[in-house]
Amino acid sequence: HRGTVVGRALTRRDGRFRLVARPTAGGPLTIGVPAGRELLPSRGVPPVIVEVSPRVSLTASSTAAAAGQEVLFTGRLLPAPADIGLGSRKGVVLEWLDPVRRTWRPVVNARIAKSGTFAIPWSFALRGLTIPMRASVPTEVGWPLLPARSGVIRVAVR
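Residues numbered from 1 in each chain as written. Predicted model: local features only at pLDDT ≥ 70, side-chain atom pairs only at ≥ 80, totals over all residues. Heavy atoms only, no water.

Engineer: What should I look at first to understand the overall build of the protein in this one?
Structural biologist: Helix and strand counts for the protein stand at zero helices and 13 strands. Scanning the protein from its N terminus toward the C terminus, one meets helices and strands in the order β-β-β-β-β-β-β-β-β-β-β-β-β. Taken over 158 residues, the protein has a buried fraction of 31%. Entry remark: accessible area of the protein is about 10400 Å², with carbon and sulfur atoms responsible for 53%. (Helix = DSSP H or I, 4+ residues; strand = E, 2+ residues; numbered from the N terminus. Buried < 20%, exposed > 50% of the residue type's maximum accessible area, 1.4 Å probe, protein only. Areas by Shrake-Rupley, 256 points an atom, 1.4 Å probe, with all protein chains shown as cover.)

Engineer: Explain the packing of aromatic side chains to me, please; I cannot follow it from the model alone.
Structural biologist: Any aromatic ring pair is given by two values, namely how distant the centres are and how the planes are angled relative to each other. A complete count under the given rule lists one aromatic pair for this structure. Taking the centre distance of 6.5 Å and the plane angle of 70 degrees together, the rings of Phe73 and Phe124 count as edge-to-face. You can see Phe73 sitting in strand β7 (residues 70–78) and its partner Phe124 sitting in the loop between β10 (117–123) and β11 (129–137), a full 51 residues away along the chain. (Phe/Tyr/Trp six-rings, centres within 6.5 Å; stacked < 30°, edge-to-face > 60°.)

Engineer: Please explain the pairing of strand β13 (residues 153–157) as it appears in this structure.
Structural biologist: On a regular strand, each side chain points to the face opposite its neighbour's, so the side chains alternate between the two faces of the sheet. Here β13 shows a clear split, with Ile153, Val155 and Val157 buried on one side and none of Arg154 and Ala156 buried on the other. Alignment of strand β6 (residues 64–65) against β13, held across two bridges, turns out to be parallel. The residue bridging Ala65 from the neighbouring strand is Val157, located in β13. Note: β11 against β13, five bridges, orientation antiparallel. Residue pairing across strands places Leu129 opposite Val157, the latter belonging to β13. (Pairing = 2+ DSSP bridges.)

Engineer: What exactly am I supposed to notice about the sheet that holds strand β5 (residues 55–60) here?
Structural biologist: In a beta sheet, neighbouring strands are held together by backbone hydrogen bonds and run either parallel or antiparallel to one another. Strand order in this open sheet of three strands is β5-β7-β10, and the pairing throughout is antiparallel. Bordering the open sheet on either side are β5 and β10, each of which pairs with just one other strand. Between one strand and the next, the sheet's axes are offset by a mean angle of 20 degrees, whatever the strand orientation. Relative to β10, β7 runs antiparallel, the two being bridged by seven bridges. Within the sheet, the bridge partner assigned to Gly75 lies in β10 and is Phe118. (Axes fitted to C-alpha atoms, helices over the stretch in contact; angles between N-to-C directions.)

Function cannot be inferred from these measures alone, as they are strictly geometric.
Pasting the structure below:
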């Protein structure tokens, strides 16, 4: 993958093989037999396309808050942008479930650090509701991983 060996396997007598690999990003994966600095066959074989699903975790400083009180949402994206050779230009969106429209709506956009961590402070204005929240990592130009979402955290606003 991108000139780096991500896995090795031995063929069975019938020519079949099983390759377990852990590429850190998506894209074409070339499979072949090493011959010097090349892989054989050197052409005519379509690459295997790899799609990598990242994991997003999300925690909240509190799941019960007064209206106007700040709640800090923190999380982590794995693999981190630095793990796949990107800087801290990846975005994350904090979303809430609209109880009327029953759709997820964006609250605020933030940036993910090179380490994969993020922190988003948020204050709730409405009282008497329990508001489901989650973090989404959308597809962006140049981002080689699939979109991802965290689990849901419910915050009771009193």
